Amino acid sequence: MGYTEHILGLMPLFKVFEWMFSSAIAAFTAVAVSLFIFDGWAGYMLGKRIGRSYGAGVVGAVAMSFSAFHFNQIGHMHVSSYFTVPLILLLLEDLLGKPSMARAMRLGVLWGATPLFSYSSWAIASVAIPFFALAWLGVNGELRRKDLFESSDSSVDDASSVGRIQKSSRGTCDTEGASSARRIVTGKLVMYLGGSALVMLVIAAPLSLQLIKARSEVNVTRSPVEIAIYSVKLSNLFQPSERSIAYKHLPAPVGKNDKMETIAYIGVSGVVLLLIGYFCPLGRLTLVRLSQRRQKRNGERANTRSFSNRSDTRPEMDDFLDAKLVKRLTPWLVTAIVGIFFMLGPEMRVRRSWAGVPGPYRLLTVVPGLSHFRAAGRFSLLVYIFVAVCAASAWARLARRSWVGSLFVMGVCGLWVFESAIAVGQSAPLPANIREAPVYVRWLAQAERGPSVELPIYAPGVPSSAEAEAVRVYLSTYDWQPRVNGYSGYEPVGYLDTVSDLTTFPDQKAMDRLESLRVRYIVVDFPALARYRKGGPDAAHYGWEYPDLNSLEIEIRKEIASTPKLVLRADFEDVAIYELTGR
């Protein structure tokens, strides 16, 4: 999807920062930092909803924003801008709790606008929504009378429309009326969800025109073997990044992960948050219920408890609050489990060397709009969302007991940031404006418009390819001449053949290819092209030295000078610009 991401939603912010700093590099960095704030805001809203307090919102923000997922995807703005996913699930929870057309419209608008920031987030949310809804309905299946007939937000407008539900002498509702109410509420809920999906399509379709167009230009098919490279293994949940600050000098239990797209590390702090926030209260409630059932089997009076007033004892109130938290968190757990199944890719494996079994990710290959989703590991975002939810739950459980509990949760969140943080390397110095750009870029900016190519051109799949072509793509934003060069996980159809043909420039095969592409300007970096002929792309990009480079550069210049249709337009010592005439 990197080929078609436009991230238009971030462009206004980028332009503001570019105006403030007069530097595109500084603006890019400022946007990357701002995404921590946006993701943290989404985590705050999520945590406040779960924990019902500002403190829960803060720990939710920390867990959501400063995750290993965000740190390792910091350079991929279309991946690190995932703040819409938890917000979409929150709006879905609102709609399920109190169905209304207004809530359905809000969900549809945000869902549809998500491609403004990230197609990846849109795809992840689209997969998560049905599972979250089913899980929520399974946990909250019993419709309460006050929800049915609440005047402001009820999904049923009039009591007479669902039959007369009359109270019996024991205060129970008539079964037939309740069944009718369930059917009508379920029908309206399905209608509202369908309305949300329709609004999403109306908004997302125009934003996806570039994606639809690109599908005709780009080979988006990926074999299961290739997708597996971007899939997470269960062991990755416990493997910190190779660039981890915390584990730089400490041994990792199951090794370190050197692949950015498969980072799913939750660490010791994540396990603690999961235990305190969900699994400990779940286990405690399970033991209480087992004890009650054992008492019933023994003919003893069950220790039934009522929590309808504030005079209950503290353990009873804890049981009540834990039960509410577990019920509220279960749909988020189900969504995280779905994320685990999908992030494992087409072949689910515990470790990379172990045998795998076919996974549900294969289903995406037949779903329109999702079939080109390559990086299965990005579904680990749903796991990190659940960790943020558990952080808020842990605060709600421990902070109400004493200030020590609050300090403990804050300490665990601090450890979460420490375990997640990575060392970010510095890129090569880049020009901040056109005055600092290379001289050939300034020349192209003044030249008539025409397709251009920079040689040597690098083949995809080589580390030096992304590094070299990324700089060229950035520099092209100063002259805005269309380039043959580029890099992406998805290449245009025929691009590999183009690269192969141009490696022998200026022979006839290369010239035929340039003419077929209607190229006008050819930028030749003679030292890099000479090194490319000697040692390949790495030698060209990293500047490897060879004894006879000068003579090879002279030879290349003579070859170009003797080639018909190539006219020298500018010569800047190491770099020259030729125009292909007679196109």
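Here the structure is a predicted model, which means the values were calculated and not measured.

### Regarding the overall build of the protein
And then number 1: Counting its regular elements, the protein contains 23 helices and 6 strands.
And then number 2: Across the protein, every contact between residues at least 6 apart in sequence was considered, and the portion connecting residues at least 24 apart equals 71%.
And then number 3: Split by element, the accessible area of the protein, about 28100 Å² in all, is 61% carbon and sulfur.

### With respect to a nonpolar patch on the surface
And then number 1: Judged by side-chain polarity, Phe 238, Val 254, Val 271, Leu 275 and Phe 279 come together as a nonpolar surface patch covering roughly 380 Å² of accessible area.
And then number 2: Structurally, Val 271 can be placed in helix α13 (residues 267-297).

### Focus on the sheet that holds strand β6 (residues 575-580)
And then number 1: Strand order in the open sheet formed by 4 strands is β3-β4-β6-β5, with mixed pairing between adjacent strands. In this open sheet, the two strands that pair with only one neighbour each are β3 (452-455) and β5 (566-572). Between one strand axis and the next, the sheet turns by 20° as a mean value, whatever way the strands run.
And then number 2: In the sheet, β3 pairs with strand β4 (residues 521-525) via 4 bridges, with the strands oriented parallel.

### A short note on the nonpolar core
And then number 1: Formed by 109 residues in total, the largest nonpolar core has its most connected members in Leu 92, Trp 332, Phe 379, Leu 381, Ile 385, Phe 386 and Tyr 440.
And then number 2: Per element, the largest residue contribution to this core is 16 residues, and it comes from helix α15 (residues 381-398).
And then number 3: Excluding its chain neighbours within four sequence positions, the residues that come into contact with Ile 385 are Leu 46, Met 64, Val 85, Pro 86 and Trp 332.

### Focus: the environment of Ala 394
And then number 1: Among the structural elements, Ala 394 can be located in helix α15.
And then number 2: Taking the C-alpha atoms as reference, Ala 394 lies 9.3 Å from Val 272; in sequence the two are 122 residues apart.
And then number 3: Residues within four places of Ala 394 in sequence aside, it is in contact with Ile 276, Gly 277, Ala 399 and Val 409.

### Focus on the packing of aromatic side chains
The relative placement of two aromatic rings is captured by the distance of their centres and the angle of their planes.
And then number 1: Following the criterion strictly, the structure yields 17 aromatic pairs and no others.
And then number 2: Taking 6.3 Å as the distance between ring centres and 35° as the angle between the ring planes, the aromatic pair formed by Phe 66 and Phe 71 counts as tilted.
And then number 3: On the basis of relative accessibility, which here comes to 12%, the residue Phe 71 falls in the buried class.
And then number 4: Plain terms: the ring middles of Tyr 247 and Tyr 265 are 5.8 Å apart, the flat faces sit at 90° to each other, and that makes the pair edge-to-face. Note that Tyr 247 is positioned in the loop between α12 (224-229) and α13 and Tyr 265 in the loop between α12 and α13, a separation of 18 residues in sequence. Each member of the pair, Tyr 247 as well as Tyr 265, is classed as buried.

### Focus: the pattern of salt bridges
And then number 1: With the rule as written, the count across this model stands at 18 salt bridges.
And then number 2: Linking Arg 49 and Glu 93 is a salt bridge whose minimum nitrogen-to-oxygen distance equals 2.9 Å. Within this pair, whereas Arg 49 is found in helix α2 (residues 24-51), its partner Glu 93 is found in helix α6 (residues 84-97), the two being separated by 44 residues in sequence.
And then number 3: Here Arg 49 and Asp 94 are joined by a salt bridge, their closest N and O atoms 3.0 Å apart. On the criterion of sequence distance, the pair formed by Arg 49 in helix α2 and Asp 94 in helix α6 is long-range, its members being 45 residues apart.

### A closer look at the pairing of β5
Sheet faces and side chains relate simply in a regular strand, where the side chains alternate between the two faces.
And then number 1: Of the pairings in the sheet, the one linking β5 to β6 comprises 6 bridges and is antiparallel in character. Counterpart to Phe 572 in the pairing with β6 is Val 575.
And then number 2: Linking β5 to β6, which pair antiparallel, is a turn of 2 residues; within it Glu 573 sits at a positive phi near 65°.

### With respect to the environment of Ala 26
And then number 1: Following the sequence through the fold, Ala 26 ends up in helix α2.
And then number 2: Expressed as a C-alpha distance, the spacing of Ala 26 and Ala 432, which sit 406 residues apart in the sequence, is 7.9 Å.

### Here we look at α15
Note that an α-helix has 3.6 residues per turn; residues three or four places apart therefore point the same way.
And then number 1: The end-to-end C-alpha separation of α15 is 26 Å, in line with the 26 Å expected for 18 residues at 1.5 Å each.
And then number 2: When you tally the buried positions in α15, you get 18 out of 18 residues, the bulk of the element.

### Here's the deal with unusual backbone geometry
With glycine set apart, most residues show a phi of negative sign, and most peptide bonds adopt trans.
And then number 1: Across the junction of Leu 455 and Pro 456, the peptide omega takes the value 5°, indicating a cis bond.
And then number 2: Residue position: Pro 456 is located in the loop between β3 and α18 (463-479).
And then number 3: Of note, the amide linkage connecting Phe 505 to Pro 506 takes the cis form, showing an omega dihedral of 10°.
And then number 4: Within the secondary structure, Pro 506 is located in the loop between α19 (495-502) and α20 (508-516).
And then number 5: Positive phi, normally seen in glycine, also occurs at Arg 518, with a value near 60°.
And then number 6: In this structure, Glu 573 takes a positive phi of about 65° despite not being glycine.
And then number 7: With respect to the helices and strands, Glu 573 occurs in the loop between β5 and β6.
And then number 8: Accessibility expressed as a relative area gives 67% for Glu 573, which makes it exposed.

### Comments concerning helix α3 (residues 54-65)
And then number 1: Here α3 is 12 residues long and its end C-alpha atoms lie 16 Å apart, about the 16 Å a rise of 1.5 Å per residue gives.
And then number 2: Residues of α3 that are buried include every one of Ala 56, Gly 57, Val 59, Gly 60, Ala 61, Ala 63, Met 64 and Ser 65, and no others.
And then number 3: Looking at the buried side of α3, the elements it contacts are α2, α4 (68-72), α6, α15 and α16 (403-420).

### So, the environment of Leu 517
And then number 1: Relative to the assigned elements, Leu 517 resides in the loop between α20 and β4.
And then number 2: Between the C-alpha atom of Leu 517 and that of Pro 451, which follows or precedes it by 66 residues, the distance is 8.2 Å.
And then number 3: With sequence-adjacent residues up to four places away left out, Leu 517 is seen in contact with Val 484 and Thr 498.

### Observations concerning the packing of α6 against helix α8 (residues 119-139)
And then number 1: Following both chains from N to C, one finds α6 and α8 inclined at 30°, their axes separated by 10 Å at the closest point. Judged on the interaxial angle alone, α8 and α6 are roughly parallel. Where α6 crosses over α8, the handedness of that crossing is right-handed. Touching Thr 84, Val 85, Ile 88, Leu 89, Leu 92, Glu 93, Leu 96 and Gly 97 of α6 are Ser 121, Ile 124, Ala 125, Ala 128, Ile 129, Phe 132, Ala 133, Trp 136 and Leu 137, all from α8.
And then number 2: Here the residues of the contact of α6 with α8 are counted per class, giving 13 nonpolar, 3 polar and 1 charged.

What counts, and at which threshold
- Residues numbered from 1 in each chain as written.
- Predicted model: local features only at pLDDT ≥ 70, side-chain atom pairs only at ≥ 80, totals over all residues.
- Heavy atoms only, no water.
- Helix = DSSP H or I, 4+ residues; strand = E, 2+ residues; numbered from the N terminus.
- Contact = heavy atoms within 4.5 Å.
- Areas by Shrake-Rupley, 256 points an atom, 1.4 Å probe, with all protein chains shown as cover.
- Patch = residues over 30% accessible without salt bridge, like charges linked within 9 Å, V, L, I, M, F, W, Y side chains within 5 Å.
- Salt bridge = Lys/Arg side-chain N within 4 Å of Asp/Glu carboxyl O.
- Pairing = 2+ DSSP bridges.
- Axes fitted to C-alpha atoms, helices over the stretch in contact; angles between N-to-C directions.
- Core = buried A, V, L, I, M, F, W, Y, C linked by side-chain atoms within 4.5 Å.
- Buried < 20%, exposed > 50% of the residue type's maximum accessible area, 1.4 Å probe, protein only.
- Phe/Tyr/Trp six-rings, centres within 6.5 Å; stacked < 30°, edge-to-face > 60°.
- Expected span 1.5 Å × (residues − 1).
- Parallel < 35°, antiparallel > 145°, perpendicular 65-115°, else oblique.
- Left-handed = near helix turned anticlockwise from the far one by under 90°.
- Nonpolar A, V, L, I, M, F, W, Y, C, P; charged D, E, K, R; others polar.

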